[in-house]
Amino acid sequence: MQALSMRYLLFIAGMGGLLYGIDVGIIAGALPYLESTASVAWKLSAQQLSFIVAAVLLGSVLSSLFAGAIADAIGRRWAMVLAGALFTVSIPLIALSDGYTPLLLGRLLQGISGGLIGVVVPLYLAECLRAEQRGRGAALFQLLLTIGLVAAAVIGLLQAQNVEGATQAAQALPETARAAAVFEAKDHAWRSIFWMCLAPGLVFTFGSALLAESPRWLVQRGRIEQARTALLRTRAAGEAASELRAMQAATGLPVHGAAAGAGEPTEGDIAAARGVVAGRGGASAIRPAGAGAAAMDADDRLLSRRYVLPFLLACLVLACTQATGINSVLAYVVNILNQAGLPGATANMADVGLKLLNAIMTVVAVLLVDRKGRKFLLMLGSGGIVIALLAAGLLFRSAESEQRDVSAIVAAQARGDTLSLRLDAKTLKALGAQGGSAATPQLLTVSYSYGPFTNVQTRRSDDPALAPMVLSREDTVQPDSVIGAFFRRLHLNPFADPAEGRDAPLKIEQAQIGALPSVTHGWQVTLAICLFVASFAVGPGVCVWLALSELMPTRIRSNGMSIALLVNQFVSTTIAAVFLPTVGRHGYAAMFFFWAGCTVVYFLAAAFLLPETKGKTLEEIEAHFAR
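Note that the structure is a prediction, hence the values are computed from the model and not measured.

What counts and what doesn't
Residues numbered from 1 in each chain as written. Predicted model: local features only at pLDDT ≥ 70, side-chain atom pairs only at ≥ 80, totals over all residues. Heavy atoms only, no water. Helix = DSSP H or I, 4+ residues; strand = E, 2+ residues; numbered from the N terminus. Buried < 20%, exposed > 50% of the residue type's maximum accessible area, 1.4 Å probe, protein only. Contact = heavy atoms within 4.5 Å. Areas by Shrake-Rupley, 256 points an atom, 1.4 Å probe, with all protein chains shown as cover. Salt bridge = Lys/Arg side-chain N within 4 Å of Asp/Glu carboxyl O. Expected span 1.5 Å × (residues − 1). Core = buried A, V, L, I, M, F, W, Y, C linked by side-chain atoms within 4.5 Å. Pairing = 2+ DSSP bridges. Phe/Tyr/Trp six-rings, centres within 6.5 Å; stacked < 30°, edge-to-face > 60°. Axes fitted to C-alpha atoms, helices over the stretch in contact; angles between N-to-C directions. Parallel < 35°, antiparallel > 145°, perpendicular 65-115°, else oblique. Left-handed = near helix turned anticlockwise from the far one by under 90°. Nonpolar A, V, L, I, M, F, W, Y, C, P; charged D, E, K, R; others polar. Patch = residues over 30% accessible without salt bridge, like charges linked within 9 Å, V, L, I, M, F, W, Y side chains within 5 Å. Arc of directions from axis to C-beta. pLDDT = per-residue confidence, 0-100.

J.: Before we move on, could you go through the overall build of the protein chain and cite the residues and values that matter?
T.: Looking only at helices and strands, the protein chain features 27 helices and six strands. The buried share among the 627 residues of the protein chain stands at 53%. Considering only contacts within the protein chain whose residues lie at least 6 apart along the sequence, 78% involve residues at least 24 apart. Carbon and sulfur atoms form 65% of the exposed surface of the protein chain, whose accessible area is close to 26,500 Å².

Structural data, given as structure tokens:
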């Protein structure tokens, strides 16, 4: 019965990881078809469509701020139920929407759900699992997260095939009927993609309601008997009594009932639970039985070493996890491999292969995390990431060093504040490159701006479509947003002001042309990125969730996890914002070298600052920082 309860707990927590992955990945497959409905039927602007895409990030940031407080107020179990319910409600709201407002609201609810899941599920796992099982629990959460990303991609692929079939079948119809049939197929596709996500949301919501509450949360609330019952669902009686004593000692509660029958907490129990080294504090280290949780000694101050150091260390680990560049690499991997020399279709196949590799290596991490330990995996993973990033950076450096600056020539092609450039044989000759079918394909990268609004475009001379590069104010200067206008009224102005770009001239910041790297070069970069993804999956991909939940002391765990996850999202968003401008001005090599430098910091932190938490209770980990 105890083994069954443990499997059920891990299954539901894994479903939370699946929902988190679906939250992140589902829009990629739905967006090409959603754009059709949004532009043709609803007449939405590009700005409104971008808000729909970004609403998940906004909702996640908002809920991350309050997830800890919510988990403290209503409990970990009911916070999970709330997260699942919000996700479940968002599906019909999105799939049945007939306009901008319900679609935006549904996406916002999905983001709020994802932010809650990202905090509460790792928190619940850390507080409910045995010390020797916490690593496997966090690894399963990450594994199902990667499977959620793959599932979202597969769902999108299935609907893409349906749309292609409907488009081919409509070729024999008259033009008006053909357009209507294709529109109907695309509209049905994106709605079906979201409907397919309803089942895991229902499973997680109702499954969470059947879980036991976190015993540590119950002890903090003084509900000792309920905590004992929760522990007995997954532990033998003796083990449950021992853990309950440690929890009570950590919160300063007197031991009564069955737990007391197993022995009053000794000085060593309390020392281990509260971070007081046995023998250092003597008998005075023991709290009086009636003192309660409010009887804090000097070591219990919120800004004391036992709280600040693990909190800052967890924030450092989460910041460095994003500073490896993982999200930008996965988001732009097709572009990166195209620039490295792989043809478009091959780069897309490599993208699918990388996602599968991520899932496979996460399975390896599940098997290793409780055997080898967190510290070992973080050092192994971050070390592999440094090697991979340096290799990719050096490969791009070798190709980018051969490029030539043609900024003046490109600027001379502008007509007023607009430029249209087709990379044909005539243009290549004007740029000083050899054209024609026998010539080496060329790659042109142009970085330009209209006042504070910047953009980057690239073109390959071997592109079959040979689409022109069009630089225009309308495509670069975005209209004002409600958020931007609000901050400007507060004189904070974190967003570019459209008024400053409305009359600003077109400026070619940089234009580089050079031979497109060979396919061999492209495969070498692909191997480096494979090493990067594999190392991330084995190390930071799994251990980041453990750092988030294990390092935080009990007193600040829920709110501390919220702040640390917010730091994680802030670093991720910042890197995403600077990625394209950086590679446009300085090349991909600069970005890869920057990430490698950040990962060196990660390796050093793992080697010299992180304690090994394998096999230790949360109270023992907290004791480490009080010494």
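J.: Before we move on, can you summarise the pattern of salt bridges with the specific residues and values?
T.: All told, the structure shown has six salt bridges when counted by the stated rule. Residues participating in the shared-partner salt-bridge network are D72, R76 and E127.

J.: Outline helix 3 (residues 76–95), supporting the account with residue identities and numerical values.
T.: Its 20 residues place the ends of helix 3 29 Å apart at the C-alpha level, agreeing with the 28 Å of an ideal helix rising 1.5 Å per residue. The buried fraction of helix 3 amounts to 14 of the 20 residues, a majority that puts the element mostly inside the structure.

J.: I'd like a description of the nonpolar core, backed by residues and values.
T.: Counting residues in hydrophobic clusters, the biggest one holds 84 residues, and the most contacted among them are M80, I117, V121, W190, F194 and F204. For this core, the leading source of residues is helix 1 (residues 2–41), giving 15 residues.

J.: An account of the side chain of S472 is requested, with residue identities and associated values reported.
T.: If you trace the backbone, S472 turns up in the loop between strand 5 (469–471) and helix 20 (473–476). What makes S472 buried here is its relative accessible area of 8%. Leaving out residues up to four positions away in the same chain, S472 has contacts with T418 and Y450.

J.: Lay out the environment of T101 in plain terms, naming residues and giving numbers.
T.: With respect to the helices and strands, the residue T101 is situated in helix 4 (residues 100–128). Along the chain, T101 and I52 lie 49 residues apart, while their C-alpha atoms are 9.5 Å from each other.

J.: If you had to explain the sheet that holds strand 4 (residues 453–460) to someone new, which residues and values would you point to?
T.: Ordered by their spatial adjacency, four strands build an open sheet running 1-6-3-4, and the pairing between neighbours is antiparallel. Each having just a single partner strand, strand 1 (404–405) and strand 4 make up the two edges of the open sheet.

J.: Tell me what's going on with the pairing of strand 3 (residues 442–450), and back it up with residues and numbers.
T.: If a strand is regular, its side chains alternate between the two faces of the sheet. With nine of nine residues buried, strand 3 lies mostly within the body of the structure. As paired elements, strand 3 and strand 6 (residues 506–515) share nine bridges and run antiparallel to each other. Looking across to strand 6, one finds that L444 is bridged to I513. Connecting strand 3 to the next strand, strand 4, in antiparallel fashion are two residues, including G451 with a positive phi near 65°.

J.: So what about the packing of aromatic side chains? Which residues, and what values?
T.: Any aromatic ring pair is given by two values, namely how distant the centres are and how the planes are angled relative to each other. Evaluated as defined, the whole model comprises seven aromatic pairs. Centroid distance W42 to W190: 6.1 Å. Interplanar angle 80°. Geometry classified as edge-to-face. Of the two residues, W42 is situated in the loop between helix 1 and helix 2 (46–74) and W190 in helix 6 (residues 175–195); the sequence distance between them amounts to 148 residues. The same class applies to W42 and to W190, which are both buried. An aromatic cluster is built from F396, Y588, F592 and W595, whose rings are joined through pairwise contacts.

J.: Please set out the pairing of strand 6 residue by residue, giving values where relevant.
T.: The element strand 6 is extensively covered by neighbouring structure, given that seven of its ten residues are classed as buried. Pairing of strand 1 with strand 6, which is carried by two bridges, proceeds in the antiparallel orientation. Looking at strand 6, one finds that R404 is bridged to I513.

J.: Break down the packing of helix 4 against helix 5 (residues 134–169) for me, with residues and values.
T.: The N-to-C vectors of helix 4 and helix 5 enclose an angle of 155°; their axes lie 9 Å apart at closest approach. Judged by the angle between their axes, helix 4 and helix 5 are roughly antiparallel. When the axes of helix 4 and helix 5 are compared, the crossing they make is right-handed. Touching I117, V121, P122, L125 and A126 of helix 4 are R134, G137, A138 and F141, all from helix 5. When grouped by side-chain class, the residues that make up the contact of helix 4 with helix 5 number seven nonpolar, one polar and one charged.

J.: So, a nonpolar patch on the surface: which residues are in play, and what are the values?
T.: Residues L58, L62, L65 and F66 make up a contiguous nonpolar surface patch of roughly 370 Å² in combined accessible area. With respect to the helices and strands, F66 occurs in helix 2.

J.: Requested: an account of the packing of helix 17 (residues 374–400) against helix 26 (residues 588–608), with residues and values cited.
T.: Two numbers describe a pair of packed helices, the interaxial angle and the distance between the axes. The interhelical angle for the contact between helix 17 and helix 26, taken along N-to-C directions, is 160°, at an axis separation of 8 Å. As judged from the angle between their axes, helix 17 and helix 26 are roughly antiparallel. Handedness of the helix 17/helix 26 crossing: left-handed. Looking at side-chain class alone, the contact of helix 17 with helix 26 contains 21 nonpolar, four polar and three charged residues.

J.: An account of the side chain of N358 is needed here, citing residue identities and associated values.
T.: Within the fold, N358 resides in helix 16 (residues 344–372). Excluding residues within four positions of it along the chain, N358 makes contact with T146, V533 and A537.

J.: Explain the environment of G222 to me, using residue names and the numbers behind them.
T.: Looking at the element boundaries, G222 is found in the loop between helix 8 (215–220) and helix 9 (224–232). The spacing of G222 and Q248 is 26 residues in sequence and 8.9 Å in space, taken between C-alpha atoms.

J.: Could you give an account of helix 9, with specific residues and numbers?
T.: Residues of helix 9 that are buried include every one of I224, A227, R228, A230 and L231, and no others. All buried residues of helix 9 lie within an arc of 160° about the axis, which places them on one face of the element.

J.: Residues and numbers for the confidence of the model for the protein chain, please.
T.: Any residue range with low pLDDT should be treated as having predicted coordinates unsuitable for detailed reading. When pLDDT is averaged along the protein chain, the result is 78; 80% of the residues meet or exceed 70. Counting contacts from residues 257–300, a segment whose pLDDT is below 50, to residues more than four positions away or on other chains yields 76 contacts.

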